Amino acid sequence: MMRKDLARLWKKCFVAGAMAALVAGMGSTVPSAFAGGMIKADEDKWISVGMGIRTSFNSIEGASPAGHYTNDFTINNARIYVNGQIHKYIKFEFNTDCFNCAVGGGAGAFGNASLTTTSQNFGGNSSIGLLDAIGKFEFNEMVNLWVGRMLLPSERGELNGPFYHATFDGFRTPFFPADASANFNGVSALGGGAGLYGRDNAATFWGKVHPGGTHLLYVVSVSQGLRGGPNTGSSLMYTGRLQWNFLNDEPNPGYYTSGTYYGTAGDVAAIGASVQHQKDGAGNTATGNVSDFTGASVDVLIEKVLPNNMGVFTFNGEFKRHWANYGAGAFTNVGGFNSCFCTFNGHSWTVYGLYLIPQEVGIGRFQPYVRFTSIDPRYSAMRQEWETGVNYVISGHNARVSAFYRYGDINTKGFAGGYAPSTTGDKVDSFHVALQLQY
């Protein structure tokens, strides 16, 4: 009976999501790499305002009682985008998000929502707060400087952000420290944390060159990183990324990325690599287990527009290796709750393929996919996960409905901050229906 009831609920959620997406799809003419409507004073002065929401229904198998499923509706993101230009070479970006929307409603179901330090330090109610605040000095394609609070240039998955992944929940591998907020720049057992949602206060240089008809993007960032905790000397964090596109260039603002272009960018073949380092960037001062942090990643995007209107094939792959050798003793709760900044130490990888069916059905096109993720922490148990689902693409990244199934132990063993030696968890099923809208 439970399976039948769940199937009926799925159908209701899917129809409701599709109707909501129809409204956004009918009015959306903005390219998928941008969101918002623009007001122009002249060619050098303009401002745009946009919004984005992501919401989902999540049914997750629980350990007790056996076969029981939790059923939650969740607000994953609620964002306001403001971008503008005030001079030929000077622009700005200001974005907000709801940092606590997922708490109490499927909080462990998706990436950033499962960060326990984030949810606990923003209190019990939903909190709209600062996500990005960037001053942009953009002189030419090769030399640009951004200052303020911004995404650090780590792996593609981070630079996609939640709205431009190929799947609804792209964040399935361990985070870099900038995602592990402990009330960013506030008072906590960890000082000011290491960032929020992949953002940090930083200065970032970036640019693009085109050797031999290819496209090479470079990004170098200096940021605060972890404040307090093991970082008693206020050392800075350094992050760099190179991305090489061998075929078509990717139509993104700045150094941001996307997980798919649904064929609108033509054939894409890109490889990216990033390195991040901070002295005394991990560990537990109370136990004397302090370590430098170094993280490296390699990511690949291949998108092929098949001939004769046969659809679009997309492949994403990512490998991460983090070094944070604080030792198993760092997990001892000497300094109180969350006294250890035990960022991930180990390696992980994920691969997924998607196929966009060319024929429209109703107001959109179906895009089935399959994904596998493996996480192998040094001090904790391995965790793995299969995911299969289908996106109903109405207006690119601006209007999309997703339905997917997962089987694995990533959530039950702990996704963010759950890498202690004592961590255990069973492989469980989960079912999800999700809606994404932005303009």
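Anyway, here's the lowdown on the structure attached to this text.

What counts and how
- Residues numbered from 1 in each chain as written.
- Predicted model: local features only at pLDDT ≥ 70, side-chain atom pairs only at ≥ 80, totals over all residues.
- Heavy atoms only, no water.
- Core = buried A, V, L, I, M, F, W, Y, C linked by side-chain atoms within 4.5 Å.
- Buried < 20%, exposed > 50% of the residue type's maximum accessible area, 1.4 Å probe, protein only.
- Helix = DSSP H or I, 4+ residues; strand = E, 2+ residues; numbered from the N terminus.
- Contact = heavy atoms within 4.5 Å.
- Salt bridge = Lys/Arg side-chain N within 4 Å of Asp/Glu carboxyl O.

**Some details on the nonpolar core**
Right, so step 1: Of all hydrophobic cores here, the largest spans ten residues; its members are Ile134, Trp146, Met150, Leu151, Leu159, Trp206, Leu217, Val219, Tyr255 and Tyr256.
Right, so step 2: At the level of elements, strand S6 (144-151) and strand S8 (215-223) are the ones that each hand at least two residues to this core.
Right, so step 3: Top element by residues in this core is S6. It accounts for three residues.
Right, so step 4: Those residues in contact with Tyr256 that lie beyond four places of it in its chain are Glu93, Ile134, Trp146, Leu151 and Leu159.
Right, so step 5: Core analysis: the second largest hydrophobic core is formed by nine residues, Ala282, Phe293, Ala324 and Ala330 among them.

**Remarks on the pattern of salt bridges**
Right, so step 1: Scanning all chains against the criterion turns up 20 salt bridges.
Right, so step 2: Measuring nitrogen to oxygen at the nearest pair gives 2.8 Å for the salt bridge that ties Arg406 to Asp169. Residue Arg406 is found in strand S16 (residues 399-408), and its partner Asp169 is found in the loop between helix H3 (156-160) and strand S7 (199-209); the two are separated by 237 residues along the sequence.
Right, so step 3: Judged by its relative accessible area of 2%, Arg406 falls in the buried class.
Right, so step 4: A relative accessible area of 2% means that Asp169 is categorised as buried.
Right, so step 5: Among the salt bridges present, the one from Arg172 reaches Glu385, with a minimum N-O distance of 2.9 Å. With Arg172 in the loop between H3 and S7 and Glu385 in strand S15 (residues 383-393), this pair connects stretches of sequence that are 213 residues apart.
Right, so step 6: Assessed through its relative accessible area of 0%, Arg172 is described here as buried.
Right, so step 7: Residues joined by salt bridges that share partners form a network here, namely Asp169, Arg172, Glu385, Glu387 and Arg406.

Any functional reading would require information that these geometric values do not contain.
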